[in-house]
Amino acid sequence: MHSEPVGRRNRPTRRAVLGTIAGVAAAGVAGGFAWDRLGHGSDDGAGGAADGTGGGPGARRTGKHTFERLSGPERTVVRAADGGTLATFTDGARTAVLTGPARTFSEPRTTEAKVTTDAWVRVLPHTWQQGMEKSAWFKGWFGKALDDTSPDVFAVAFEYSSAGARDKHNADGVRYAGTAHFGPRNSKVNNPLDFAFHDEQSDFYDYLGIPWSFADGTRVQPEKARYGDVDCSGFQRLVWGYRMGLPLHNTNTRGTGLPRRAFAIAAYGPGRLVIPHTGRQQATDLNVLQPGDLVFFAIIKDQPDFIDHCGMYMGLDDQGRHRFYSSRSAANGPTLGDLSGRSLLDGTDFYARGFRAARRL
């Protein structure tokens, strides 16, 4: 029996979103996205403002490690012999941030900004709790993870960049990666920078073009018109759920894993809130963020306390601004760019004003 995916009805329309905001990137700027591995980073801390993003040469990976407990949120930080940060593990979350070779992420089609970071975001096999560094599974996992340069969460997320990403297929012929778009064209909207120019409501299985059975027995069918498309929360479910293995469910209520919509992920998602949603006020406590955190926005004009957009925090860009990555209509898919609103958490730009909460999965 097929059921309709939850969240495809009774949704606030993005035509109610606060006016169209022109981005700084001109539509005619050429270029795709870039992910350049730069080798080992320096000690200048480029690309981050939280534990796990400090630069560190490869020599730090050898020798004695120490474990330090910090609060706000409660977490375990692994230090190298010289005191540099090697990794951060947050209580109640499966997200781990390790220091590795520096990489630069860019998208010249939509912005001149670049994010250079030595933060590598991994998913732990178990939810972190205090003292887990003494467990057998951790000792085996950590030794391998320090030298692991296989695709992490950031690298996987950029395998869907709207600016261009290479198609990848699995053994069954399913295209599981490649350029993603936001949704079908909305014929009722003429301005390409309008938030409703491309329709939302596309989930990860729409992108994949395959039916999906959830743990509760619900089975959903993809819409052919949405093949290759993911809206903002669908994109996070594609990366964190389908690719990285976090559980998924198809309601907007409490359950095991990631729910469907942005407001539900903010309220009921796994992990822990690092910035709670308190209402209409712009969230400004950016020092608690670490790369990979999900960030949530209220962008509907008449509902300034309703979460209707989510993205992934990347750290500081080359201008020292807090930048995020999300699937959006103006770029027609995943972007760190500035079309119809800068991808920034700080300042007074559109998304910064709408920034409300953050969750560490």
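A brief report on the enclosed structure follows. (Residues numbered from 1 in each chain as written. Predicted model: local features only at pLDDT ≥ 70, side-chain atom pairs only at ≥ 80, totals over all residues. Heavy atoms only, no water.)

## A look at the environment of aspartate 203
To keep things clear, this is the line we draw: The secondary structure listing takes helices from DSSP runs of H or I that are at least 4 residues long and strands from runs of E that are at least 2 residues long, numbered from the N terminus. Burial here depends on accessible area, computed with a 1.4 Å probe over protein chains only, as a share of the maximum for the residue type. Under 20% is buried, over 50% is exposed, and the range in between is partly exposed. Within 3.5 Å is the distance limit for a polar contact, defined as a pair of N or O atoms, with the added protein rule that one can donate a hydrogen and the other accept it, and that residues adjacent in sequence qualify only through two side-chain atoms.
Structurally, aspartate 203 is set in the loop between β8 (175-177) and α3 (204-208). For aspartate 203, a relative accessible area of 0% translates into the label buried. Here arginine 237 takes part through its side chain, which lies 2.9 Å from a polar atom of the side chain of aspartate 203.

## Focus on the pattern of salt bridges
Under the convention used in this document: Salt bridges are defined by distance alone: a side-chain nitrogen of Lys or Arg within 4 Å of a carboxyl oxygen of Asp or Glu.
What the rule picks out here adds up to 19 salt bridges. Of the charged contacts in the structure, one is a salt bridge between aspartate 148 and arginine 122, with a shortest N-O distance of 3.5 Å. One end of the pair, aspartate 148, is in the loop between α1 (136-145) and α2 (153-157); the other, arginine 122, is in strand β6 (residues 114-123), and 26 residues separate them in sequence. In this structure aspartate 148 comes out as partly exposed when scored by relative accessible area, which is 28%. Accessibility expressed as a relative area gives 8% for arginine 122, which makes it buried. Through salt bridges that share partners, Asp203, Asp231, Arg237 and Arg260 make up one connected network.

## Observations regarding the sheet that holds strand β15 (residues 333-335)
What counts, and what does not: A pair of strands is labelled paired if DSSP reports no fewer than 2 bridges between them. Axis geometry follows a simple rule: fit a line to the C-alpha atoms, using only the stretch in contact for helices, then measure angles between N-to-C directions, giving values from 0 to 180 degrees.
Judged by pairing direction, the sheet is antiparallel, and its six strands sit side by side in the order β11-β16-β12-β13-β14-β15 without closing on themselves. Strands at the two margins of the open sheet, each flanked by one partner only, are β11 (272-275) and β15. Between one strand axis and the next, the sheet turns through 30° on average, direction left out of account. Note that strand β12 (residues 294-297) and strand β16 (residues 355-360) share four bridges and pair antiparallel.

## Quick look at helix α4 (residues 232-243)
Defined as follows: By this rule the span expected of a helix is its residue count minus one, scaled by 1.5 Å.
For α4, with twelve residues, the first-to-last C-alpha span of 16 Å sits near the 16 Å given by 1.5 Å per residue. Burial analysis of α4 places ten of its twelve residues in the buried class, which makes it a mostly covered element. Glycine 245 sits one or two positions beyond α4 and adopts a positive phi of about 90°.

## Quick notes on α1
Here is the rule we go by: The directions considered for the arc are those from the helix axis to the C-beta atoms. For this analysis, residues touch if any pair of their heavy atoms sits within 4.5 Å.
When α1 is considered as a whole, its buried residues turn out to be Phe138, Trp141, Phe142 and Ala145. Taken around the axis of α1, the buried residues stretch over an arc of 95°, which confines them to a single face. Facing away from the buried side of α1 by more than 90 degrees, the exposed set consists of Ala136, Lys139 and Lys144. Looking at the buried residues of α1, the elements they touch are β2 (66-70), β3 (75-79), β4 (85-90), β5 (95-106) and β6.

## Things to note about the packing of aromatic side chains
Note the cut-off: Side-chain rings of Phe, Tyr and Trp, where Trp is taken by its six-membered ring, are said to pair if the distance between their centres is within 6.5 Å; with planes under 30 degrees apart they count as stacked, over 60 as edge-to-face, and otherwise as tilted.
For the structure shown, the criterion picks out 25 aromatic pairs. For the pair phenylalanine 204 and phenylalanine 214, a centre-to-centre distance of 6.2 Å together with 85° between the ring planes defines the contact as edge-to-face. On the criterion of sequence distance, the pair formed by phenylalanine 204 in helix α3 and phenylalanine 214 in the loop between β9 (212-213) and β10 (219-220) is long-range, its members being ten residues apart. Both residues of the pair, phenylalanine 204 and phenylalanine 214, count as buried. A ring pair is formed by phenylalanine 235 and tyrosine 325, whose centres lie 5.7 Å apart and whose planes are at 75°; its orientation type is edge-to-face. A residue pair is termed long-range when its members are at least 10 positions apart, and phenylalanine 235 in helix α4 and tyrosine 325 in strand β14 (residues 322-328) qualify at 90 residues.

## Looking at the pairing of β6
By the criterion of burial, β6 is predominantly enclosed, with eight of the ten residues buried. Where β5 and β6 come together, nine bridges link them in antiparallel fashion. When the bridges of β6 are listed, arginine 103 appears paired with threonine 117.

## Concerning the nonpolar core
Note on soluble globular proteins: their nonpolar side chains tend to be buried together. To keep it simple, the criterion reads: Nonpolar cores were defined as sets of buried Ala, Val, Leu, Ile, Met, Phe, Trp, Tyr and Cys residues, with membership established by side-chain atoms within 4.5 Å.
Ranked by size, the top nonpolar core spans 44 residues in total, and within it Tyr160, Val239, Trp240, Phe296 and Met314 carry the most contacts. For this core, the secondary-structure elements that each account for two or more residues are β5, β6, α2, α3, α4, α5 (262-268), β12 and β13 (309-316). The greatest single-element share of this core, amounting to five residues, is contributed by α4. In this structure valine 239 touches Val153, Val156, Ala157, Tyr160, Met244 and Met312, once residues within four positions along its chain are discounted. The next biggest cluster of nonpolar side chains, apart from the first, holds 17 residues, and it includes Val274, Leu286, Leu289 and Phe297.

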